[in-house]
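Summary of structural features
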Amino acid sequence: MAASDFSRLIAAAADTIASHADELTALDQAIGDGDHGLNMKRGFEAVRAEAEAIATKPLPDALKAVGTKLVMTVGGASGPLFGTLFMALGKELPSAPDRAALTAALGKAIEAVSARGKSQPGQKTMLDVLQPVYEALVRGKTAVEIADAADRAADATVPMKALRGRASFLGDRSIGHMDAGARSTALLVRAVAAAIEGS
Amino acid sequence: MSNVGIVIVSHSPLVAEGTADMVRQMVGDEVPLAWCGGNGHGGLGTSVEAIMGAIDRAWSEAGVAILVDLGGAETNSEMAVEMIGEPRSQKIVVCNAPIVEGAVMAATEASGGASLKEVVATAHELSPS
C-alpha cells in the first residue's frame, strides 16, 4: 500500500469518528459512562496528527503505530480494545496483503480483541460487528456489502443484553440501546471499505 | 525497598489519591506506593501511559500489585503490563479486588515482607468468586 493510500485511510477513519462523536457519546450516555465519542475522537485525532510519519512505514508497522497511538491516547477501555485490533492486524498482515491474508489477519485480530476484553460475540460489544465482518470477508462479499453487514450487525446489538463493560451493570435495562463500540466499529469498517473501494 | 509495591488505578484522581492516603496511614513508607487516575486530559478515565509511570514509581524487585476500580482501569492496566514487557511484566499482577479495601489489605500484607503471591492472595480474598 502506498503511503498516500494509508494516509487516506487514516483521514477517512478520523473523519467518520469526528463527525459521529456526538452520536457515539449519546449512545454511551444511554447505557455507559458517556465518554466513548470524545475518547475515540481524541485517539483518532492523535493518529491523524502523525499520519504523515505513520504512512511512510510498511503496512504492518503503520498499523502497529496506529494501535499504539490509540492505546496511549484514548483514555478508556476502548483504547486497549481498538488498539489491540490494529496492533494485531499489524502483527498478522504482510506488507502487501491479498484478501485471504486480510481475512486470516482479521480472524486473529478478533481473537486478540476477545482476549483483551475477556469477551465473546453475543455480549453486546464491538465483537458483534467484527465477527460478521469477518464472515462477510470469508464469503467473498464486496466492500460495500461488508460495510452494510457491519451496519446491520451494529443495529443487531440493540435488542441484546450487555454482558461486558459498564452497560452490563444495567442488566436488562441495556436492552433497546445500540452498543457504542459496535457503532464505532461499523463506522470504521464503512470508512475503510469506502477508501479501499475508491482507490 | 524489598517489599512488594502497590499501584492504585482509579478513573478518578481523587479516589486514587484518597485510597493512597488510606494505605499510607496503615503502612507509612514501608511499601513502595504510587497512584494514578483520570484520562490524562482532565476527565475521568485511565491512561496506559500514567499507569506505566505509576508502576515505575512503585517498582520493587519483589513485584508490584495493581488495584483497579472499574473495567477500563483493569483493561488499561493489563495493557500497561503488557507494554512494559518481560521480564518485569512477570512480577506485576492486576488484582481482582475492591480498590480501597484491596489496596489497604494488600499493602498491609506487603509491609510484613510477604511475597507477591501472598499479597495478591490477600487482595483476592476480598472477592470470593
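Here's a quick rundown of the structure. Values in this document were obtained by computation on a predicted structure and should not be read as measured data.

Rules used throughout
- Residues numbered from 1 in each chain as written.
- Chains lettered and ligands numbered in written order.
- Predicted model: local features only at pLDDT ≥ 70, side-chain atom pairs only at ≥ 80, totals over all residues.
- Helix = DSSP H or I, 4+ residues; strand = E, 2+ residues; numbered from the N terminus.
- Rg over C-alpha atoms; globule rule 2.2 N^0.38 Å.
- Contact = placed C-beta atoms within 7 Å.
- Buried ≥ 20, exposed ≤ 12 C-beta atoms within 10 Å, placed from the backbone.
- Nonpolar A, V, L, I, M, F, W, Y, C, P; charged D, E, K, R; others polar.
- Core = buried A, V, L, I, M, F, W, Y, C linked by C-beta atoms within 7 Å.
- Axes fitted to C-alpha atoms, helices over the stretch in contact; angles between N-to-C directions.
- Parallel < 35°, antiparallel > 145°, perpendicular 65-115°, else oblique.
- Right-handed = clockwise from strand over helix to strand, strands pointing away.
- Pairing = 2+ DSSP bridges.

1. Quick word on the overall build of chain A
- The helix and strand tally for chain A stands at 10 helices and zero strands.
- Helices and strands in chain A line up, N terminus first, as α-α-α-α-α-α-α-α-α-α.
- Relative to the compact-globule value of 16 Å for 199 residues, chain A shows a C-alpha radius of gyration of 16 Å, a close match.
- If one aligns the C-alpha atoms of chain A with their principal axes, the spans along those axes are about 45 × 35 × 30 Å.
- Sequence-distant contacts in chain A: of pairs separated by 6 or more residues, those separated by 24 or more amount to 62%.

2. Observations regarding the overall build of chain B
- Summing up its helical and strand segments, chain B has five helices and four strands in all.
- Reading chain B from its N terminus to its C terminus gives the helix and strand order β-α-β-α-β-α-β-α-α.
- At 13 Å, chain B has a C-alpha radius of gyration in line with the 14 Å of a compact globule built from 129 residues.
- Considering chain B as a whole, with its 129 residues, one finds that 54% of them fall into the buried category.

3. A few points about the environment of Gly90(A)
All names here are of chain A.
- Of note, Gly90 is situated in helix H6 (residues 78-92).
- For Gly90, a count of 22 C-beta atoms within 10 Å translates into the label buried.
- Separated by 25 residues in the primary sequence, Gly90 and Ala65 have C-alpha atoms spaced 8.6 Å apart.
- Residues within four places of Gly90 in sequence aside, it is in contact with Pro60, Asp61, Leu63, Lys64 and Gly67.

4. Considerations on the interface of chain A and chain B
- Contact residues are listed per partner, giving 14 residues for chain A and 14 residues for chain B.
- For the side of chain A that touches chain B, the secondary-structure elements that each account for two or more residues are helix H5 (59-73), H6 and helix H7 (99-117) of chain A.
- No other element matches the three residues that H6(A) contributes to the side of chain A that touches chain B.
- Class assignment of the residues belonging to the side of chain A that touches chain B gives a composition of five nonpolar, five polar and four charged.

5. Remarks on unusual backbone geometry
- Residue Pro87(B) is reached from Glu86(B) by a cis peptide bond, and omega for that bond is 5 degrees.
- Mapped onto the secondary structure, Pro87(B) falls in the loop between helix H3 (71-84) and strand E4 (92-94).
- Of note in the backbone geometry, Lys118(A) takes a positive phi value of approximately 50 degrees without being a glycine.
- We classify Lys118(A) as exposed; it has 12 C-beta atoms within 10 Å.
- Positive phi, close to 70 degrees, is recorded for Lys124(A), a residue that is not glycine.
- Within the secondary structure, Lys124(A) sits in the loop between H7 and helix H8 (127-138).

6. Observations regarding the nonpolar core
- Counting 103 residues, the largest nonpolar core has Ile6(B), Ala65(B), Ile66(B), Leu67(B) and Ala106(B) as its most contacted members.
- Looking at this core element by element, the count peaks at eight residues for helix H10 (residues 180-198) of chain A.
- Discounting residues that sit within four places of it in the chain, Leu67(B) has contacts with Ile6(B), Ile8(B), Cys95(B), Ala97(B), Ile99(B), Gly102(B), Ala103(B), Ala106(B) and Ala123(B).

7. Section: the packing of helix H9 (residues 143-155) of chain A against H10(A)
Residues and elements named next belong to chain A.
- The contact between H9 and H10 brings their axes to 9 Å, and the two run at 170 degrees. Here H9 is positioned roughly antiparallel relative to H10, judged by the angle of their axes. Within the contact between the two elements, H9 uses Ala143, Val144, Ile146, Ala147, Ala150, Asp151, Ala153 and Ala154 and H10 uses Ala182, Arg183, Thr185, Ala186, Val189, Arg190, Ala193, Ile196 and Glu197.
- Its residues assigned to classes, the contact of H9 with H10 shows 12 nonpolar, one polar and four charged.

8. Looking at the pairing of strand E2 (residues 33-37) of chain B
Residue and element names in this part refer to chain B.
- Of all five residues in E2, five are buried; the element is thus mostly enclosed.
- Going residue by residue along E2, you find Leu33, Trp35 and Gly37 tucked away on one face and Ala34 and Cys36 tucked away on the opposite face as well.
- Assessed by its sense of winding, the connection that carries the chain from strand E1 (residues 5-10) through helix H1 (residues 13-27) to E2 is right-handed.

9. Topic: the sheet that holds strand E3 (residues 64-68) of chain B
Residue and element names in this part refer to chain B.
- Pairing within the open sheet is parallel, and its four strands lie in the order E2-E1-E3-E4. Where the open sheet ends on each side, the last strands, each with one partner, are E2 and E4. Each neighbouring strand pair of the sheet contributes to a mean axis angle of 15 degrees, computed without reference to strand direction.
- Across five bridges, the pairing between E1 and E3 is parallel. Looking at E3, one finds that Gly5 is bridged to Val64.
- Those strands touched by helix H2 (residues 48-57) are E1, E2, E3 and E4, and its axis lies near 170 degrees from that of E2.

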